[in-house]
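Survey of secondary and tertiary structure
One-letter residues, chain by chain:
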Amino acid sequence: MSAVSTPRERTEQLEREVLSSRAVLAAETKGRDREEPPDVIRTVFQRDRDRILHSKAFRRLRHKTQVFLAPQGDHYRVRLTHTLDVSQIARTCARALRLNEDLTEAIALGHDLGHTPFGHLGEQALTPFLGRPFRHNEQSLRIVEHLENDGSGLNLTWEVRDGIVHHPWSTPPPSTLEAQLVRFADRIAYINHDIDDAVRAEVLDARELPADAVRTLGATHSDRIDTLVSDLVRESDDRDEVALSRPVFAALDTLRDFMFSEVYLRESARGDHDRATKLIRDLFSYFLEHPGELPPEYHEAPGDLPTRVADFISGMTDRYAIRTYERLFLPRGWLLDRDL
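To start, this report covers the structure provided alongside it. (Residues numbered from 1 in each chain as written. Predicted model: local features only at pLDDT ≥ 70, side-chain atom pairs only at ≥ 80, totals over all residues. Heavy atoms only, no water.)

**Section: the overall build of the protein**
Along the backbone of the protein there are 17 helices and zero strands. What you see for the protein is a C-alpha radius of gyration of 21 Å, in line with the 20 Å of a compact globule of 340 residues. Projected onto the principal axes, the alpha-carbon positions of the protein cover approximately 75 × 55 × 40 Å. Considering the protein as a whole, with its 340 residues, one finds that 51% of them fall into the buried category. Excluding contacts between residues fewer than 6 apart, the proportion of contacts in the protein whose partners are at least 24 apart in sequence is 70%. Summed over its atoms, the accessible surface of the protein is roughly 16700 Å², and 51% of this surface lies on carbon and sulfur atoms. (Helix = DSSP H or I, 4+ residues; strand = E, 2+ residues; numbered from the N terminus. Rg over C-alpha atoms; globule rule 2.2 N^0.38 Å. Buried < 20%, exposed > 50% of the residue type's maximum accessible area, 1.4 Å probe, protein only. Contact = heavy atoms within 4.5 Å. Areas by Shrake-Rupley, 256 points an atom, 1.4 Å probe, with all protein chains shown as cover.)

**A short note on the packing of helix α5 (residues 101-110) against helix α8 (residues 158-165)**
To describe two helices that pack against each other, one gives the angle between their axes and the distance between the axes. Their axes nearest at 9 Å, the elements α5 and α8 cross at an angle of 45°. Put simply, α5 runs oblique to α8. You can see that α5 and α8 cross each other, and the crossing is right-handed. For the pair α5 and α8, contact is made by L103, A106, I107 and G110 and by E159, V160, G163 and I164, respectively. Class assignment for the residues of the contact of α5 with α8 results in five nonpolar, two polar and one charged. (Axes fitted to C-alpha atoms, helices over the stretch in contact; angles between N-to-C directions. Parallel < 35°, antiparallel > 145°, perpendicular 65-115°, else oblique. Left-handed = near helix turned anticlockwise from the far one by under 90°. Nonpolar A, V, L, I, M, F, W, Y, C, P; charged D, E, K, R; others polar.)

**Observations concerning helix α12 (residues 246-264)**
If you check α12, its first and last C-alpha atoms are 25 Å apart, about what 19 residues at 1.5 Å a residue would give, namely 27 Å. The complete set of buried residues in α12 reads V248, A251, L252, L255, F258, M259, V263 and Y264. Summarising the contacts, the buried residues of α12 are in contact with α9 (177-200), α10 (211-217), α11 (221-236) and α13 (270-289). (Expected span 1.5 Å × (residues − 1).)

**Focus: the packing of helix α7 (residues 136-147) against α8**
Close contact between α7 and α8 brings their axes to 8 Å; oriented N to C, the two are set at 150°. Taken together, the axes of α7 and α8 lie roughly antiparallel to each other. Facing N137, E138, S140, L141, V144 and E145 of α7, the residues of α8 in contact are R161, I164 and V165. Residues of the contact of α7 with α8, tallied by class, amount to four nonpolar, two polar and three charged.

**With respect to the pattern of salt bridges**
Where charged atoms from two side chains of opposite charge come close, those side chains can pair. Per the counting criterion, the structure on display carries 28 salt bridges. One salt bridge connects E36 with R51, and the closest N-O pair in it is separated by 2.6 Å. One end of the pair, E36, is in the loop between α1 (7-18) and α2 (44-53); the other, R51, is in helix α2, with 15 residues separating them in the sequence. The class for E36 is partly exposed, based on a relative accessible area of 29%. Notably, a salt bridge pairs E241 with R239, separated by 3.1 Å at the nearest N-O pair. Given a relative accessible area of 41%, E241 falls into the partly exposed group. Taken together, the shared-partner salt bridges in this structure form one network comprising D39, R42, R49, D50, R91, R95, E101, D102 and E105. (Salt bridge = Lys/Arg side-chain N within 4 Å of Asp/Glu carboxyl O.)

Rendered as structure tokens:
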């Protein structure tokens, strides 16, 4: 009589039977920094996904800017909805390619945990204080390794951490196809949902989109996503790398360049960008001079004082950063009047 298997063991067996030979099997993970007994129900990648989902840093994403600062409306994307878009696109591709969907989902949910308030502006604002570029992917890794769970981190598997830190295109490619999927899904998601938000904000007219890119990818949000996902699955099937076809990748890059020139770096947003940058830099200077006002847990993290101040400020939501600035720099009477 065979031994009774656990739900986790049955899932691991299903992975061996169903997944592609190119997939990462949960039972063959490179492991965690600190060994743990196996879970009865969940594989290692399912546990990682759950740890990220229940982390404080993940919850804060709901109040962090994607592109538009303090948008007036319920339907603009924020960092959390962007993360969910990336997860959905990456999981769809992983399932179609018979890659490990749980690993893909864990990387996608964790890839932006280290983003600052006010989007990429926050990264640029923190950099001068650190003597090095502040990079949100490196901060995401620092969060899961050191800052979450009262300083002990989440103790994630090597594969998830590798996918998180290497998701930007500016880094070396990640080591797994699952993480490569997240890298593509991130770009597919943000370019397309940022177009949608820019049209909603009347910053952009959809008829202004580059005609060649529209002919290749489609005229609507759903058409473009469908084209990109279908092309990625077709081009990546039975290959040792994730890829888009040359014309589709070129069209996506054309849209990205257009969004940088017409939306992300538009002149009309300069005033808001300057105010957000000043706010973050003023907060940084204040906490450098008053380190005793940092929450106690940030004093336990490794690194020098500027690094720990960056931990605190980068973890702030947009609204918490604004309220902290008001508390520190604006007269109390003005605050009371404003709240009436």
